[in-house]
Protein chains: 2
Amino acid sequence: MNVKALIRTVNHTLKLHNLFPENSRILVACSGGPDSMALLHLLQDIATHRHTEYELGVAIVDHCIRPESKDEVLWLRNQVEILGLPFYTAIFDVPKLSKEQKLSEETIGRHVRYQWLTGIAQSEGYDYIAVAHHKDDQAESILAHLIRGTGLNGLTGMAVVSNDYTVPVVRPLLDVTKEELLLYLKEKDISYCIDSTNEDVRYQRNRIRHCIIPELKAINPIVIDAIVRLGASVREDISLISNLTDMAFDELVTISDEGAFISRRGLRKKPLSIQRRLWQRLVSIFDPEIKLTTAHQEQLLDIVNTGEGKTFNIKSIKVSAQCDTIKVYCKH
Amino acid sequence: MNVKALIRTVNHTLKLHNLFPENSRILVACSGGPDSMALLHLLQDIATHRHTEYELGVAIVDHCIRPESKDEVLWLRNQVEILGLPFYTAIFDVPKLSKEQKLSEETIGRHVRYQWLTGIAQSEGYDYIAVAHHKDDQAESILAHLIRGTGLNGLTGMAVVSNDYTVPVVRPLLDVTKEELLLYLKEKDISYCIDSTNEDVRYQRNRIRHCIIPELKAINPIVIDAIVRLGASVREDISLISNLTDMAFDELVTISDEGAFISRRGLRKKPLSIQRRLWQRLVSIFDPEIKLTTAHQEQLLDIVNTGEGKTFNIKSIKVSAQCDTIKVYCKH
């Protein structure tokens, strides 16, 4: 793929999601690594390609995980100055926070990074945060979910536009591979930093990248495409099932001060696929922390199918079935 | 898991599928290997456990792939004689057939084996063919589909009861692991043959078993369970989506001698997930060989969304859109 084709692909991805409107202000989350340097330059190329103007800003977090991170921030500041763009930076002692909060460096790092990025975007008036996840990252993310066993929802992968934060997070590179990005960087002679921890297979993501993906490619050389395509098709299916669950919920669930009420007979007529998701939605109203296990689901499906009176607890929730009515409420 | 627990698990799997009715005649497909020897003995144990009678028969195919296969057939004949059960055997020169028909030994082997098994089952009056696929096989099968990229349908894995053949094929061991089967064989002192090709990573399945699964287990030790659970949940979702596709098909498609007719407006209201599947079903009526690619699907979704007149071919099929009507018919 040559540079023009790459620009067209990224432009196509953005257009499909009505991105970016004229005069958008976009904060590019950059690490100085190849992916985010390619993103920064590609967004400039696309503005030229479209004869439009974006206002770009560049933000980098020093996570204090590697000794060289301080120098990388300085290097990036210099690069961004040459481009004449606004530059924002922050330092977080992620190893320390990780120990204090007993969470992995990856989890804490992601948390503080996005919190800070959305803060900067809001205070500096950016409409979007752009991040550099590409097609290989997408396949890795889907595989990670498959391996951890988080169910079908995890197989959808990352969305081009996520609205999980106060500022929309956009992933313009999801349709291009790492290899294409590296070719682009080479072709345009763009320099970048190399993150030494990318090779460390103690990190789960690197294990997937360096040990598992090559094995999968030995069986199917275009496995990345296959996995990403699966993710897209799962996303459509989930969207349909999720809408049907909403409809079933509105039809069957009555909520009062005493709790939620649902008819066994009504629920029994719904497909299992909907019943399971409806239960998850229902318990989440009372306790957003509850993630129903298969055992919980079986217990719930079971009281729908029998006509017996029965009461049991799922964590902080009480489920009580009498005649046709199942009542769900907080224990406290 | 002790022997009793294993028997209960297999019995539970069978009962969920109303298997096997009193006095069933079951033909056990056996290779002499650990899995199928465990299956044969477990089926006898379950008959005892249930105080019921099955009539078991044992069938083995010599695929002529390994020099020792002839001896294994003789060894199994002897074992089956001791058990006092009917024994059936056949020889197929799979390497020769594979070369002649330019298909892999695995594909040809499976084809001739099932053809012969169903033939024997029919002529000898067996109600079921039992095969020894277990939980690890199920996870491997799901992974194989994921890697080849056969879409969500492939992620359902193998069914406990398949009706793809003239005689139902039953997999009683899908809820137990290979490890549990080996413990059972050891505990009951049951001997078995070892297939030397099981270690050969030139075979795709062995690559998944010996190279990929261990890498996945390094990240999540219970990855087999995670994958199998995903398969079960996908099966429920697919069943729902498939029913909805049937309903949309009945509602929107009119078939006459001239071809099939469908309304753009009607189709446009359906979710993408249904539209894609409906198109696959529609073209399959005219040519069961057509497997729509993503590019074909995009082309079809596109003519639904535009109001333009347009005609194009997909292999042996012609698709022609005029005003609100899309007509699908055979080119010849």
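Residues numbered from 1 in each chain as written. Chains lettered and ligands numbered in written order. Predicted model: local features only at pLDDT ≥ 70, side-chain atom pairs only at ≥ 80, totals over all residues. Heavy atoms only, no water.

**Details of the sheet that holds strand S7 (residues 253-256) of chain B**
All names here are of chain B.
Stage number 1. With antiparallel pairing, the five strands of this open sheet are ordered in space as S7-S8-S11-S10-S9. Among the strands making up the open sheet, the edge pair consists of S7 and strand S9 (310-314). Each strand axis lies, on average, 20° off the axis of its neighbour in the sheet, ignoring direction.
Stage number 2. For S7 and strand S8 (residues 259-263), the ladder comprises four bridges, and the chain directions are antiparallel. Within S8, the residue paired with Thr254 across the bridge is Phe261. (Pairing = 2+ DSSP bridges. Helix = DSSP H or I, 4+ residues; strand = E, 2+ residues; numbered from the N terminus. Axes fitted to C-alpha atoms, helices over the stretch in contact; angles between N-to-C directions.)

**A short note on the UniProt feature "binding site: ATP" (unreviewed entry) in chain A**
All names here are of chain A.
Stage number 1. Per the UniProt annotation, the sites labelled "binding site: ATP" (unreviewed entry) are Ser31, Gly32, Gly33, Pro34, Asp35 and Ser36.
Stage number 2. Looking at the element boundaries, Gly33 is found in the loop between strand S1 (25-29) and helix H2 (34-50).
Stage number 3. Apart from the residues lying within four places of it in its own chain, the contact partners of Gly33 are Tyr192 and Cys193.
Stage number 4. In this structure, Ser36 sits in helix H2. (UniProt positions renumbered as here; feature names shortened; annotations may be inferred. Contact = heavy atoms within 4.5 Å.)

**A word on helix H4 (residues 94-101) of chain B**
Residues and elements named next belong to chain B.
Stage number 1. Listing the buried residues of H4 in full gives Val94, Pro95 and Ser98. Looking straight down H4, one finds its buried side chains confined to an arc of 105°; they lie on one side.
Stage number 2. Buried residues along H4 sit against helix H5 (105-124).
Stage number 3. Positive phi appears at Lys102, one or two residues downstream of H4, with a value of about 50°. (Buried < 20%, exposed > 50% of the residue type's maximum accessible area, 1.4 Å probe, protein only. Arc of directions from axis to C-beta.)

**Quick notes on the domain arrangement of chain A**
Stage number 1. When cut into domains, chain A gives domain 1 (3-231) and domain 2 (257-330).
Stage number 2. Computed from C-alpha coordinates alone, the two centres of domain 1 of chain A and domain 2 of chain A are separated by 40 Å. (Domains from an automatic or database assignment.)

**Here we look at the pattern of salt bridges**
Residues and elements named next belong to chain A.
Stage number 1. What the rule picks out here adds up to 36 salt bridges over all chains.
Stage number 2. Here Glu140 ties to Arg209 by a salt bridge, and the two come within 3.0 Å at their closest N and O atoms. Within this pair, whereas Glu140 is found in helix H6 (residues 135-148), its partner Arg209 is found in helix H8 (residues 204-219), the two being separated by 69 residues in sequence.
Stage number 3. Judged by its relative accessible area of 26%, Arg209 falls in the partly exposed class.
Stage number 4. Two residues, Lys327 and Glu258, come together in a salt bridge whose shortest N-O distance is 3.9 Å. On the criterion of sequence distance, the pair formed by Lys327 in strand S11 (residues 325-330) and Glu258 in the loop between strand S7 (253-256) and strand S8 (259-263) is long-range, its members being 69 residues apart.
Stage number 5. Here Lys327 falls in the partly exposed class, since its relative accessible area comes to 22%.
Stage number 6. Counted as one network, the salt bridges with shared partners bring together Asp137, Glu140, Arg205 and Arg209. (Salt bridge = Lys/Arg side-chain N within 4 Å of Asp/Glu carboxyl O.)

**Overview of the interface of chain A and chain B**
Stage number 1. Contacts between the two partners involve 37 residues from chain A and, on the opposite side, 37 residues from chain B.
Stage number 2. Three residues stand out in chain A for area buried against chain B, namely A:Ile147, A:Ile219 and A:Glu236, and they jointly supply 20% of the buried area on that side.
Stage number 3. Put simply, B:Arg276 and A:Glu236 hold a salt bridge, and the shortest N to O gap is 2.4 Å.
Stage number 4. Mapped by element, the contributors of at least two residues to the side of chain A that touches chain B are H6, H8, helix H9 (223-252) and helix H11 (272-286) of chain A.
Stage number 5. Looking at the side of chain A that touches chain B, its residues break down into 22 nonpolar, seven polar and eight charged. (Buried area = accessible area lost by both parts, 1.4 Å probe. Nonpolar A, V, L, I, M, F, W, Y, C, P; charged D, E, K, R; others polar.)

**Describing the pairing of strand S2 (residues 55-62) of chain B**
Residues and elements named next belong to chain B.
Stage number 1. Most of S2 is tucked away, with seven of its eight residues classed as buried.
Stage number 2. The pairing of S2 with strand S3 (residues 87-91) spans five bridges and is classified as parallel. The residue bridging Val61 from the neighbouring strand is Ala90, located in S3.
Stage number 3. Taking the sense of rotation as the criterion, the β-α-β connection linking S2, helix H3 (residues 69-83) and S3 turns out right-handed. (Right-handed = clockwise from strand over helix to strand, strands pointing away.)

**Brief notes about the nonpolar core**
Stage number 1. In this structure, A:Ile262, A:Trp279, A:Ile326, B:Ile262, B:Trp279 and B:Ile326 are the most contacted members of the largest nonpolar core, which totals 52 residues.
Stage number 2. Counting 40 residues, the second largest nonpolar core, distinct from the first, contains A:Ile147, A:Ile238, B:Leu152 and B:Ile213. (Core = buried A, V, L, I, M, F, W, Y, C linked by side-chain atoms within 4.5 Å.)

**Description of the packing of aromatic side chains**
Stage number 1. Within this structure, the stated rule accounts for eight aromatic pairs over all chains.
Stage number 2. For the ring pair A:Tyr88 and A:Tyr126, a centre distance of 5.9 Å and an interplane angle of 85° mean the geometry is edge-to-face. Within this pair, whereas A:Tyr88 is found in strand S3 (residues 87-91), its partner A:Tyr126 is found in the loop between helix H5 (105-124) and strand S4 (128-130), the two being separated by 38 residues in sequence.
Stage number 3. Each ring, one from B:Tyr114 and one from B:Tyr165, has its centre 4.8 Å from the other, and the planes form 15°; the classification is stacked. On the criterion of sequence distance, the pair formed by B:Tyr114 in helix H5 and B:Tyr165 in the loop between strand S5 (161-162) and strand S6 (169-170) is long-range, its members being 51 residues apart.
Stage number 4. On the basis of relative accessible area, B:Tyr114 is assigned to the buried category, the value being 6%.
Stage number 5. The class for B:Tyr165 is partly exposed, based on a relative accessible area of 34%.
Stage number 6. Members of the aromatic cluster, each reached through a chain of ring pairs, are A:Phe20, A:Tyr54 and A:Tyr128.
Stage number 7. A cation over an aromatic ring shows up here: A:Lys327 above the ring of A:Tyr329, its NZ or CZ 4.5 Å from the ring centre. (Phe/Tyr/Trp six-rings, centres within 6.5 Å; stacked < 30°, edge-to-face > 60°. Lys NZ or Arg CZ within 6 Å of the ring centre and 35° of its normal.)

**Quick word on the packing of helix H9 (residues 223-252) of chain B against helix H11 (residues 272-286) of chain B**
All names here are of chain B.
Stage number 1. Running from N to C, H9 and H11 cross one another at 65°; their axes reach a closest spacing of 9 Å. The element H9 and its partner H11 pack so that their crossing is right-handed. For the pair formed by H9 and H11, the contact residues are Ile238, Ile241, Ser242, Leu244, Thr245, Asp246, Ala248 and Phe249 on the first element and Ser273, Ile274, Arg277, Leu278, Arg281, Leu282 and Ile285 on the second.
Stage number 2. When grouped by side-chain class, the residues that make up the contact of H9 with H11 number nine nonpolar, three polar and three charged. (Left-handed = near helix turned anticlockwise from the far one by under 90°.)

**Brief notes about the environment of A:Lys178**
Residue and element names in this part refer to chain A.
Stage number 1. Relative to the helices and strands, Lys178 resides in helix H7 (residues 178-187).
Stage number 2. For the pair formed by Lys178 and Asp137, sequence separation is 41 residues and the distance between their alpha carbons is 8.4 Å.
Stage number 3. Beyond its immediate sequence surroundings of up to four residues, Lys178 is in contact with Pro34, Asp35, His134 and Asp136.
Stage number 4. Within polar-contact distance, the side chain of Lys178 engages the side chain of Asp35 at 2.8 Å. (Polar contact = N/O pair within 3.5 Å; in protein donor to acceptor, adjacent residues only side chain to side chain.)

**Some thoughts on the environment of A:Ile60**
Residues and elements named next belong to chain A.
Stage number 1. Turning to its location among the elements, Ile60 is positioned in strand S2 (residues 55-62).
Stage number 2. Residue classification places Ile60 among the buried positions, given a relative accessible area of 2%.
Stage number 3. For the pair formed by Ile60 and Arg113, sequence separation is 53 residues and the distance between their alpha carbons is 8.8 Å.
Stage number 4. Beyond its immediate sequence surroundings of up to four residues, Ile60 is in contact with Cys30, Ser31, Val73, Leu76, Phe87, Tyr88, Thr89, Ala90 and Trp116.

**Focus: the relation of the copies chain A and chain B**
Stage number 1. Placing chain A over chain B gives an RMSD of 0.1 Å and needs a rotation angle of 180°, together with 0.0 Å of translation along the axis. With respect to symmetry, the two chain copies, as superposed, fit the operation of a two-fold axis. Judged by C-alpha distance, A:Ile212 is the residue of chain A that lies nearest the rotation axis, at 3.2 Å.
Stage number 2. An overlap of 100% is found between the interface residues of chain A and their copies at the interface of chain B, pointing to a shared contact surface. (Least-squares fit on C-alpha atoms with pLDDT ≥ 70 in both.)

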